[in-house]
Amino acid sequence: MSPSLSPDRIRQARAFAAALTPGQRICITTHVNPDGDGLGSEAGLAHLLQAQGIHAVVTNPSPTPERYHFLFGGLPGVDRSHEAVKELRKADLILVLDISDVGRLGMLSQTVQDRGVPVACVDHHASAGHLPEGPRYVDPDASATGELIFQLALANDWPLTPVAARALYVAILTDTGAFRFSNTRPSVLRTAAALLETGLDPEQIYLDVYANAPEGRARLLAETLQTMVVEPDAGLAWVTVPPGALERLGATADDLDGIVEVPRTIAGVRMALLFREIAAGRVKVSLRSVGEVDVNAFAKPFGGGGHTKASGLSLEGSLAEVQSRVLGAAREYLSGNGSR
Ligand code: 5GP
Ligand code: MN
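The structure displayed is predicted, hence computed values, not measured ones. Residues take numbers from 1 onward in each chain, read along the sequence in its written order. Chains carry letters and ligands carry numbers; both start at the beginning, A for chains and 1 for ligands, and go up in the order they are written. A pLDDT threshold of at least 70 governs which residues receive local features in this predicted model, and a stricter bar of 80 or more applies before side-chain atom pairs are shown or counted, although totals over entire chains, interfaces and linings include all residues. Excluded from the side-chain calculation are hydrogens and water; included are all heavy atoms of the structure.

### As for the site of ligand 1
Working definition: residue near molecule or strand if any one of its non-hydrogen atoms lies within 4 Å of it. Taken together, 13 residues surround ligand 1, and among them Arg104, His125, Lys284, Ser286 and Arg288 come closest. Any N or O atom pair separated by 3.5 Å or less is treated as a polar contact, with the protein-specific requirement of one donor-capable and one acceptor-capable atom, and with residues adjacent in sequence counted only for side-chain atom pairs. One of the side-chain N or O atoms of Arg288 is found 2.7 Å from an oxygen atom in ligand 1. Areas reported as accessible are Shrake-Rupley estimates using a 1.4 Å probe. Residue values count occlusion only from the protein chains shown. When ligand 1 sits alone it has 490 Å² of accessible area, and the protein chains cover 78% of it. The secondary structure listing takes helices from DSSP runs of H or I that are at least 4 residues long and strands from runs of E that are at least 2 residues long, numbered from the N terminus. Going through the elements one at a time, strand E10 (282-289), strand E11 (305-306) and strand E12 (310-316) are the ones with two or more residues in the shell around ligand 1.

Rendered as structure tokens:
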């Protein structure tokens, strides 16, 4: 049984697809340090469009983590290079997935901002952002951008090939924490079922995404968890990536994925944080919440954003300075009702 779409959504999905036509040069892109949803959505959409005779090139501001390479076999694409900028300069339409803010496009931000072509967007983020004008297919209630790509296929009768379905399954699997988070609504499981029915092997997908890691990932997890601090009275727990650990362990930012979920598992914790120095004098903070606490609203005054229960921000300062500032604000935020 396929999930059903409201007449309104069907209309929006058809209007969006009508803007994508054969003969256009389309570039698909997603946020810096792309995750399974950004990449799965890109690969899924590129396959679906290819089957419609629409050629699209994936042009990303960051390299694709090793564990997602299997999604991109047979698809044209360029990562974080002068080539990516050159491709974007030739595009008639730019399709941005899994973000609504041009500022999250890293080295490609300026080109996308200045290109003067329509910038289409498919996204499920709660935080508003700025993008140049273009067609939109956006729903903050969607579990993943991959779920919205599935809806585009459903509403437009695009046949779902197994390779496209596998990419969309990865998108939904990773953004729902493997079907554990609050965004795992009944329609999400119906969507996952429809994807599996194309003949996918869920165990093989699990192995590819989660059980094909370099040794450094497990060691990074161990070293980072070793730093954990818990403040039961405040409902806070945080971890800090030891400076230099990624380089020393041959790990990448992708290997940090999921670590902040561990402090979040502690009874009584309402906000979990992970701090990481991303450059000299710049620190990134990943935020996760439990229950009613809204970490999207918490991140906003710091220039960050994301979703109600998963957000991020980055600030200028040393690790100690950023920790002191963000933890101070978090204690105050949680002593209120955990929303703004
Ligand atoms: P993560 O902490 O796993 O990198 O990201 C969690 C969520 O927050 C994702 O939805 C991501 O898009 C969003 N996010 C992470 N960092 C930032 C940031 O610096 N700015 C904004 N606006 N969103 C972010
Ligand atoms: Mn997403």
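What follows picks up the thread again.
### Focus: the sheet that holds strand E8 (residues 236-240)
Sheet strands pair via backbone hydrogen bonds, and the direction of the pair is either parallel or antiparallel. Criterion used throughout: strands pair if DSSP finds at least two bridges between them. Taken in spatial order, the six strands make up an open sheet running E7-E8-E9-E10-E12-E11, and their pairing is mixed. The outermost strands of the open sheet, each flanked by one partner alone, are strand E7 (229-231) and E11. Pairing between E10 and E12: seven bridges, direction antiparallel. Opposite Val283, over in E12, you have Leu315 as the bridge partner. Here helix H13 (residues 319-335) sits on the sheet in contact with E7, E8, strand E9 (271-279), E10 and E12, set at roughly 160 degrees to E9. We call two residues in contact when some of their heavy atoms are within 4.5 Å. Between N-to-C directions, angles span 0 to 180 degrees; the directions come from axes that are lines fitted to C-alpha atoms, helices contributing only their stretch in contact.

### Points about the coordination of the manganese ion (ligand 2)
For the manganese ion (ligand 2), the full set of protein donor atoms is Asp37 (OD), Asp98 (OD), His124 (NE2) and Asp175 (OD), at a range of 2.1 to 2.3 Å. Note that water is not among the atoms considered, so a metal site may appear incomplete; the donors listed are N, O and S atoms within 2.8 Å of the metal, with 3.2 Å applied to Na, K and Ca. Each donor residue of the manganese ion (ligand 2) belongs to the same chain, with the gaps between them written as D-x60-D-x25-H-x50-D. Of the two residues, His124 sits in the loop between strand E5 (119-123) and strand E6 (136-138) while Asp175 sits in helix H6 (residues 162-175), which places them 51 residues apart along the sequence. For His124, a relative accessible area of 2% translates into the label buried. Burial classification: accessible surface area is computed with a 1.4 Å probe over protein chains only, and a residue below 20% of its type maximum counts as buried, one above 50% as exposed, and the rest as partly exposed.

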